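Structural overview for review
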Amino acid sequence: RPNADPFRVGERVTLMMSYFAVSAGDLSMYVLPHVEVNGYKSYHMKVTVKSSDLFSMFYAVDDFAETFIRYDDMIPFNYAVNANESKQLLAIRAATDWKNLKSWRWERVVRKGEEAKERKTEWDIAEFSQNVISGFFYIRNFKLTVGKKIQFPVADDGKNMVVNIEVLRKDKISTPLGDFKTVVIKPTIQIGGNFQPMGDVFFWLTDDDRKFIVRMESQIKIGK
């Protein structure tokens, strides 16, 4: 745990998503009230993504994900995803047995014109592994100084990955809430020692003890 807890119950950060300068929707990250999971005080984190009315004409998205993270050592117990999108309905449930370092993941997807498909995965994981939801929050626990490099394990869908974070620079950005002093980080992913292609992805976090994620940028095939 960090000396100063960056999370506050009740916090919400909403990022306005855009594509080619067109509003695409909102992505929101929440810290909900603490709960007890398996007898341990735990964080309850939630992420939602909802497309705008205009963008929904091309591709509608209404996604929800949540995870529960043990307060004392920041390890996630489980996570759930429900995705309601134009071309698919997706449900994911995952849980971890930290005593035996085992993880389970169940997935059900229904795509247009296809039969529903289910898949179950079980695999061994590394200690302190994050999941694909908790990792976004976990980054905020570190002291982010320019030039620093950070690694932590992430387990998902039968794979054990290592996320590498490089703190690139400090930057000042303007938002509808005003100007923020930020640090810019770039993540990369390794599986089995090999770096995986993920394009250029950057995060801007407030340069303070809270380290809110106030901007994300991802380069894709057409645009960003």
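The preceding data block contains the structure.
Residues numbered from 1 in each chain as written. Predicted model: local features only at pLDDT ≥ 70, side-chain atom pairs only at ≥ 80, totals over all residues. Heavy atoms only, no water.

**Regarding a nonpolar patch on the surface**
Taken together, the side chains of Val-22, Leu-54, Met-57 and Phe-58 present a nonpolar region at the surface, about 460 Å² in accessible area. Residue position: Leu-54 is located in helix 1 (residues 53-56). On the accessibility criterion, Leu-54 (46% relative accessible area) is partly exposed. (Patch = residues over 30% accessible without salt bridge, like charges linked within 9 Å, V, L, I, M, F, W, Y side chains within 5 Å. Areas by Shrake-Rupley, 256 points an atom, 1.4 Å probe, with all protein chains shown as cover. Salt bridge = Lys/Arg side-chain N within 4 Å of Asp/Glu carboxyl O. Helix = DSSP H or I, 4+ residues; strand = E, 2+ residues; numbered from the N terminus. Buried < 20%, exposed > 50% of the residue type's maximum accessible area, 1.4 Å probe, protein only.)

**Quick look at the pattern of salt bridges**
Using the criterion set out here, one finds 15 salt bridges in the structure. The salt bridge involving Arg-140 is made with Glu-11; its shortest N-O contact spans 2.8 Å. Note that Arg-140 is positioned in the loop between helix 2 (134-138) and strand 9 (149-156) and Glu-11 in the segment before strand 1 (12-19), a separation of 129 residues in sequence. Put simply, Asp-124 and Lys-102 hold a salt bridge, and the shortest N to O gap is 2.8 Å. Highlighted residues: Asp-124 in strand 8 (residues 117-124) and Lys-102 in strand 7 (residues 102-111), separated in sequence by 22 residues. Because the salt bridges share partners, they merge into one network encompassing Arg-105, Glu-107, Arg-119, Asp-156 and Asp-157.

**Re the nonpolar core**
Counting residues in hydrophobic clusters, the biggest one holds 45 residues, and the most contacted among them are Met-29, Phe-152, Ile-185 and Leu-205. In this structure, Met-29 is in contact with Glu-11, Arg-12, Val-13, Leu-15, Lys-46, Val-47, Phe-137, Ile-213 and Met-216, ignoring residues within four places of it in sequence. Ile-75, Trp-98, Trp-123 and Ile-125 belong to the second-largest nonpolar core, a separate cluster that totals five residues. (Core = buried A, V, L, I, M, F, W, Y, C linked by side-chain atoms within 4.5 Å. Contact = heavy atoms within 4.5 Å.)

**Some words on unusual backbone geometry**
The phi dihedral of Leu-101 is positive, around 55 degrees, even though this residue is not glycine. The residue Leu-101 is located in the loop between strand 6 (88-97) and strand 7 in this model.

**Focus: the sheet that holds strand 5 (residues 76-85)**
Spatially, eight strands are ordered 1-2-3-4-5-6-7-8 in an open sheet, and the strand pairing comes out antiparallel. Two strands close off the open sheet at either side, each with one partner strand: strand 1 and strand 8. Here the average twist between neighbouring strands, direction ignored, is 10 degrees. Bridge count between strand 3 (residues 40-51) and strand 4 (residues 61-70): nine bridges; the pairing is antiparallel. Within the sheet, the bridge partner assigned to Met-45 lies in strand 4 and is Thr-67. (Pairing = 2+ DSSP bridges. Axes fitted to C-alpha atoms, helices over the stretch in contact; angles between N-to-C directions.)

**Some remarks on the side chain of Asn-164**
Examined against the element boundaries, Asn-164 turns out to sit in strand 10 (residues 159-175). Among the polar contacts made by the side chain of Asn-164, one reaches the side chain of Gln-151 at a distance of 2.6 Å. Within the structure, the side chain of Asn-164 is placed 2.8 Å from the side chain of Gln-190, a separation counted as a polar contact. (Polar contact = N/O pair within 3.5 Å; in protein donor to acceptor, adjacent residues only side chain to side chain.)

**Thoughts on the side chain of Ser-52**
Its location among the elements puts Ser-52 in the loop between strand 3 and helix 1. Within the structure, Ser-52 has its side chain in polar contact with the backbone nitrogen of Phe-55 (distance 3.2 Å). The contact partners of Ser-52, leaving out residues within four places of it in the chain, are Ser-23, Ala-24 and Gly-25.

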